[in-house]
Amino acid sequence: IVFDRIVQLEKQLLPHPTTKALVSLPTSKTMQLTHSTGLLLVVLGALWFSPDALLVRLVGTSEYTMLFWRQLLDGLSMSVVCAVFEGRNALRSIATNPMWTAILAITWATTASTFVLAIVLSDVATALVIFASNPLWAALFSWLLLKERIPIPTGLALLGGVGAIAIVFAWDFSSGSLMGSFIAVVSAITLALYFTLIRFACDRAPTLTPLPCIAIGCLFLSTSFALVLGAQPADVHGLDMLWLLLHGVVVFPVGVVLLSIGPRYVPAPEVALSVLLETALGPVWVYLALGDVPPQGTAIGGSILVAILIAHVLWRIKTPETRVVPADALIASKTAMGGGRLRKDAELLVRPMSAISITDGDYHRPAQDSLTNLPANTPSPRNAKTIRVAPCV
């Protein structure tokens, strides 16, 4: 029912055209409605995922047995999501991009496995606080792989985040629970690497679809890893299986869908700020259900890290940033472009279901998106990632 409702909302707000279909440029009212709906989906996704750490703690089996069942159910549910939302495109993506599919699957499997182990081997607050640092690591990987310049405020936030994590580590070192924090850092870094690799790979493999990579990583790689380390799948009974099914069938697939659709219509800073709800609420649910109190070092370091993330997000909101406009809402015009500048009434056609962003000065788009029906004197953007344009939103 949730899946069907989300699909209906998408169709109502932005009908999906074929590659040649043309739709009108959205009015400000439509764009505001789209933004509000996207933000609502992002917030719901963060709230939906917030009890996930509690579900890990409620399972009484060994960590590797729990990891096996969680990843098996996650893989099965994501296979259903791929079948519903991607169809044959998922199989085509795997067949045409085997190398990138394998790399992304390995990266996701590492993230998912280390997240579960971090929750088990450390306290929930520590694991979630460290895991929340992944946007800072993503900025670092974007600089290394995509050659994107790191703004000074982002660099300062990265250094401050590392310092906050060091406070958590120092406290864990004195208490002898350093392994869980280290695994949480690995999980945060690999998640940031996963999202950066998606951007890196899609520039080189236009037909690549990330969802099958998640399904393969969960269904085959993470489960194999758990079995090698001694998982006993037959040791799960009663309530333990109920908690695992609740995660694998309800929490994970619905949360992934919400956080996949919502960010299409919401600027990245607002998404990052909304997702922090999971970091804040996760330890609360564990405290209410199990009485676990975060260590003092986690409270100090976590407060510093969350404050840094919020300050960085607010800076990005105030800074001239990209305003996300779904590609489905824009069409091509033979007369709108000239001399490389896009006028306010310009219309643009890109491949359906891809996100583009328009700012007062820059038009950003994925490199694989193609512009069609443009005048002969229009500069070709095929190999460009940024086109300078006039204010248009």
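Residues numbered from 1 in each chain as written. Predicted model: local features only at pLDDT ≥ 70, side-chain atom pairs only at ≥ 80, totals over all residues. Heavy atoms only, no water.

Tallying secondary structure elements over the protein chain gives 14 helices and 6 strands in all. Put simply, the protein chain has 393 residues, and 48% of those count as buried. When the accessible area of the protein chain is evaluated, it comes to approximately 18500 Å², of which 67% is carbon and sulfur surface. (Helix = DSSP H or I, 4+ residues; strand = E, 2+ residues; numbered from the N terminus. Buried < 20%, exposed > 50% of the residue type's maximum accessible area, 1.4 Å probe, protein only. Areas by Shrake-Rupley, 256 points an atom, 1.4 Å probe, with all protein chains shown as cover.)

This brings us to helix α14 (residues 296–318). Residues three or four positions apart in an α-helix share a direction because the helix packs 3.6 residues into each turn. Under the 1.5 Å per step criterion, the end-to-end length of α14 is 33 Å for 23 residues, consistent within 8% with the ideal 33 Å. The complete set of buried residues in α14 reads Gly297, Thr298, Gly301, Gly302, Leu305, Ile308, Leu309, His312 and Val313. (Expected span 1.5 Å × (residues − 1).)

Moving on: the packing of aromatic side chains. Under the counting rule described, the total for this entry stands at 6 aromatic pairs. Here Phe68 and Trp69 contribute two aromatic rings whose centre-to-centre distance is 5.8 Å and whose plane-to-plane angle is 85 degrees, an arrangement assigned as edge-to-face. Accessibility classification places Phe68 together with Trp69 in one group, the buried group. Ring centres of Tyr194 and Phe195 lie 5.4 Å apart, and the angle between their planes is 70 degrees; on these two criteria the pair is classed as edge-to-face. Residue classification places Tyr194 among the buried positions, given a relative accessible area of 2%. Phe195 sits in the partly exposed class, given a relative accessible area of 43%. Following the ring pairs from residue to residue traces out a cluster consisting of Trp108, Tyr194 and Phe195. Lying across the ring of Phe200, Arg204 places its NZ or CZ 3.6 Å from the centre. (Phe/Tyr/Trp six-rings, centres within 6.5 Å; stacked < 30°, edge-to-face > 60°. Lys NZ or Arg CZ within 6 Å of the ring centre and 35° of its normal.)

Right, let's talk about the packing of helix α7 (residues 124–131) against α14 for a bit. Following both chains from N to C, one finds α7 and α14 inclined at 25 degrees, their axes separated by 10 Å at the closest point. Classed by the angle they form, the pair α7 and α14 counts as roughly parallel. In this structure, α7 meets α14 at a crossing whose hand is left-handed. For the pair α7 and α14, contact is made by Ala125, Thr126 and Val129 and by Thr298, Gly302 and Leu305, respectively. The residue inventory of the contact of α7 with α14, partitioned by class, reads 3 nonpolar, 3 polar and no charged. (Axes fitted to C-alpha atoms, helices over the stretch in contact; angles between N-to-C directions. Parallel < 35°, antiparallel > 145°, perpendicular 65-115°, else oblique. Left-handed = near helix turned anticlockwise from the far one by under 90°. Contact = heavy atoms within 4.5 Å. Nonpolar A, V, L, I, M, F, W, Y, C, P; charged D, E, K, R; others polar.)

Before going further, it helps to spend a moment on the environment of Leu144. Mapped onto the elements, Leu144 comes out in helix α8 (residues 134–145). For Leu144, a relative accessible area of 42% corresponds to the partly exposed category. Through-space distance from the C-alpha of Leu144 to that of Thr196 is 9.9 Å; in sequence the pair is 52 residues apart.

A few words on the side chain of Thr196. Its place among the elements puts Thr196 in helix α10 (residues 178–202). Those residues in contact with Thr196 that sit more than four places away from it in its chain are Ala138, Phe141, Ser142, Leu145 and Leu146.

Let us look at the pattern of salt bridges. One pass over the structure, following the stated rule, counts 3 salt bridges. Between Asp292 and Arg57 there is a salt bridge, with the nearest N and O atoms lying 2.8 Å from each other. Within this pair, whereas Asp292 is found in the loop between α13 (268–290) and α14, its partner Arg57 is found in helix α3 (residues 52–58), the two being separated by 235 residues in sequence. By relative accessible area, which is 31% here, Asp292 ends up partly exposed. Judged by relative accessible area, which is 24%, Arg57 ranks as partly exposed. (Salt bridge = Lys/Arg side-chain N within 4 Å of Asp/Glu carboxyl O.)

Turning next to the environment of Leu305. Mapped onto the elements of the fold, Leu305 is located in helix α14. By relative accessible area, which is 1% here, Leu305 ends up buried. In the structure, Leu305 is positioned 175 residues away from Ile130 in sequence and 8.5 Å away in space, judged by C-alpha atoms. Those residues in contact with Leu305 that lie beyond four places of it in its chain are Val129, Ser133, Leu136, Gly161 and Ala164.

Met78, Trp108, Ile119 and Ile214 are the most contacted members of the largest nonpolar core, which totals 64 residues. The greatest single-element share of this core, amounting to 10 residues, is contributed by α10. The contacts of Trp108, once residues within four sequence positions are left out, are Leu191, Tyr194, Ile214, Cys218 and Phe252. Core analysis: the next-biggest nonpolar cluster, separate from the first, contains 10 residues, Ala132, Leu158, Leu276 and Leu305 among them. (Core = buried A, V, L, I, M, F, W, Y, C linked by side-chain atoms within 4.5 Å.)

For the rest of this paragraph, the subject is α8. In this model α8 runs 16 Å from its N-terminal to its C-terminal C-alpha over 12 residues, within 8% of the 16 Å that 1.5 Å per residue would give. Among all positions of α8, only Asn134, Leu136, Trp137, Ala138, Ala139, Phe141 and Ser142 are buried. Two residues or fewer past α8, Lys147 is found with a positive phi of approximately 60 degrees.

The backbone of Lys147 sits at a positive phi, close to 60 degrees, despite the residue not being glycine. Tracing the backbone shows Lys147 in the loop between α8 and α9 (152–175). Its relative accessible area of 67% is what places Lys147 among the exposed residues.

A few words now on the side chain of Ser187. Take Ser187: it is sitting in helix α10. Those residues in contact with Ser187 that sit more than four places away from it in its chain are Thr111, Thr114, Phe115 and Phe131.

Here the protein chain averages 75 in pLDDT, and 71% of its residues register 70 or above. Under a pLDDT of 50 for its full length, residues 15–33 has, in the predicted model, 31 contacts with residues more than four places off or in other chains. Here residues 321–393 is modelled with pLDDT under 50, and outside its nearest four sequence neighbours on either side it reaches 161 contacts, counting other chains as well. (pLDDT = per-residue confidence, 0-100.)

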